[in-house]
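Residue-level structure breakdown
In case you want the letters, here they are:
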Amino acid sequence: MLDLRWVLSHMEEAQAFLSNRHFDFDLSVLTGLDEERRRLIVQTEELKARRNEGSRKVGEAKKVGVDASELMEEIRKIGDASREVDARLSEVEEELGKILMSLPNRLHETTPVGVSEEDNQVVRTWGTPKSFSFEPQAHWDLGERLGIMDFEKGVMLAQSRFTVLKGLGSRMERALISFMLDLHTSRHGYMEMQPPFMVRSAILEGTGQLPKFADDLYRIEGEDLWMIPTAEVPLTNLHRETILEENDLPKYYTAYTPCFRREAGSAGRDVRGMLRQHQFDKVELVKLCTPETSYDELEKLTADAEEVLQTLELPYRVVALCSGDIGFGSAKTYDLEVWLPSQGKYREISSCSNCEDFQARRMNTRYRPVSGGRPRFVHTLNGSGVAIGRTLIAIVENYQQEDGSVTVPEALIPYMGGLREIRGA
RNA sequence: GGAGAAGUGGCCGAGUGGUCGAAGGCGGUUGACUCGAAAUCAACUGAGCGGCUUGCUGCUCCGUGAGUUCGAAUCUCACCUUCUCCGCCA
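Notes on the structure in this doc start here.

**Here's the deal with the pairing of strand β11 (residues 332-340)**
- Burial of β11 is extensive: nine of the nine residues sit out of reach of the surface.
- Residues Lys 332, Tyr 334, Leu 336, Val 338 and Leu 340 point to one face of β11 and Thr 333, Asp 335, Glu 337 and Trp 339 to the other, with burial holding for every one of them.
- As paired elements, strand β10 (residues 316-320) and β11 share five bridges and run antiparallel to each other. Of the residues in β11, the one forming a bridge with Arg 317 is Glu 337.
- Here nine bridges tie β11 to strand β12 (residues 345-354), and the two strands are oriented antiparallel to one another. Note on β12: the bridge partner recorded for Leu 340 is Lys 345.
- With antiparallel pairing between neighbouring strands as the criterion, β11 and β12 make up a hairpin whose turn holds four residues, including Gly 344 at a positive phi of roughly 60°.

Right under this line is the structure:
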């Protein structure tokens, strides 16, 4: 959520980033609503002050046994009047709140301005795509032939965009989860958590998925519960409605969770294989920190995710998302894109964002500065560290051999019980 | 799912209609004492939103939401959460 006072005092700047996001909204309506809001506050508070004063006098009168019925009648009218103003005030505040909750975050000055994916900026590239002496196969061919992925069974049990991992495929999925959690907890200082995989509406409002993106989520019928689309949601909300001490910051959390997404807008895209699933595993990284440190923390968080790919020796590149492609709540986002030989392309495997105080405002997560003074909103960051299913795909494709077998990455061998190679039955 | 009890400030805890944002204690901050620490003493110690002469001042918040009343932490209703017992289960 944007700070209303900031928007009102930076109208041009705010309108400019909205248009860079291609978000069509005229902010000037906020000025009128805010003026009305303040007018109504003055009105109702004046009435309430009079009512409180009157009630005090009634109390005094009754104590002495004096009749106060005339005064009481007068106060009743004042009370009714203030209730009327209150009703109008909450309408105005609700309207303001609705608008603010629907506006995207402002952009950091280093976020490139652009229209689409095409305009994202490549920041750096790591590793070199391997050149194969044969035609590299797609993971869906390799996976089925090796007996580690069963796409038909996924559809049979659920729907399209669901997959059954079998045998060593399932084993490698589990190995990757452990490998990544171990890396982030032991080397990068994150605390491992296991949050609920379902959360209530207010939690999703806190991180920005609701109210606007309900169509992307699975909802539990008859309950105020939704399947989490990412562990970012429960982890970031861990300290909602609280005031932390500055000395307790930064907070680093990591969690493995499955993620559930309806993929409503992506019909027809990546339908083969398991690149885009309704349910996928992910190890997530979340940070809460002070505003002064959040951009350093973003660089470090991105590096933490990169280390996963480096250790697995998977070629990737880092891109800065442009204003037209960046997410609703993010001020700056780096995507990590891993090389997929069968596609001859880099594909997203992680997304690392600084949401600044956008989510903190919605969650009301603040901290008290050591220097004293009023509580301030924390900055929140999140990043995939990294997507498990897509890592499995990347390994299968990048480590494939001419005979269709797959070599196990060095770093993963201990997690695979010493296994060095996956070959078909 | 059924029965009962309870939800007050960072924590404990008093408060059953009238200066109660809330006694008291713990914790914390500052000052005094001390070479320093402890102990002791004193003062301060929640958040949000407004107004104007920017230092004052007003309003709101005692699980959440409605209601009764001139006035609600205190009364009524609904919901949520926690605890105990029963049932069920990993």
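Past the structure itself, the notes keep going.
**Overview of helix α7 (residues 167-186)**
- Look at α7: 28 Å from first C-alpha to last across 20 residues, which is about the 28 Å you get at 1.5 Å a residue.
- For α7, the full list of buried residues reads Gly 169, Met 172, Glu 173, Ala 175, Leu 176, Ile 177, Phe 179, Met 180, Leu 181, Leu 183 and His 184.

**Regarding the protein's contact with RNA strand B**
- Neighbouring residues of RNA strand B: 21 residues in total, closest Arg 37, Glu 45, Ser 55, Ile 75 and Arg 76.
- Considering the 4 Å shell around the protein, atoms of RNA strand B inside it are sugar or phosphate in 71% of instances.
- Contact between RNA strand B and Arg 38: a phosphate oxygen at 2.9 Å from a side-chain N or O atom of the residue.
- The contact in question runs from a base nitrogen of RNA strand B to an N or O atom on the side chain of Lys 62, over 3.5 Å.
- Of all the secondary structure elements, the ones that give two or more residues to the surface near RNA strand B are α3 (28-64), α4 (69-102) and β13 (365-368).
- For the surface near RNA strand B, the residue count by class is seven nonpolar, three polar and 11 charged.

**Looking at the sheet that holds strand β14 (residues 376-377)**
- The strand order across the open sheet formed by three strands is β7-β13-β14, and the pairing between neighbours is mixed. Only two strands of the sheet have a single partner each, and these edge strands are β7 (242-245) and β14.
- Pairing between β7 and β13: four bridges, direction parallel. Counted as the bridge partner of Glu 245 is Arg 368 from β13.

**Some remarks on the pairing of β10**
- The buried fraction of β10 is high, at four of five residues.
- Looking at chain direction, strand β1 (residues 121-126) and β10 are connected through five bridges and run antiparallel. The partner of Val 122 across the bridge, within β10, is Val 319.

Scoring rules and cut-offs
- Residues numbered from 1 in each chain as written.
- Chains lettered and ligands numbered in written order.
- Predicted model: local features only at pLDDT ≥ 70, side-chain atom pairs only at ≥ 80, totals over all residues.
- Heavy atoms only, no water.
- Buried < 20%, exposed > 50% of the residue type's maximum accessible area, 1.4 Å probe, protein only.
- Helix = DSSP H or I, 4+ residues; strand = E, 2+ residues; numbered from the N terminus.
- Pairing = 2+ DSSP bridges.
- Expected span 1.5 Å × (residues − 1).
- Near = heavy atom within 4 Å.
- Polar contact = N/O pair within 3.5 Å; in protein donor to acceptor, adjacent residues only side chain to side chain.
- Nonpolar A, V, L, I, M, F, W, Y, C, P; charged D, E, K, R; others polar.

Shape is all these values report; function is a separate question.
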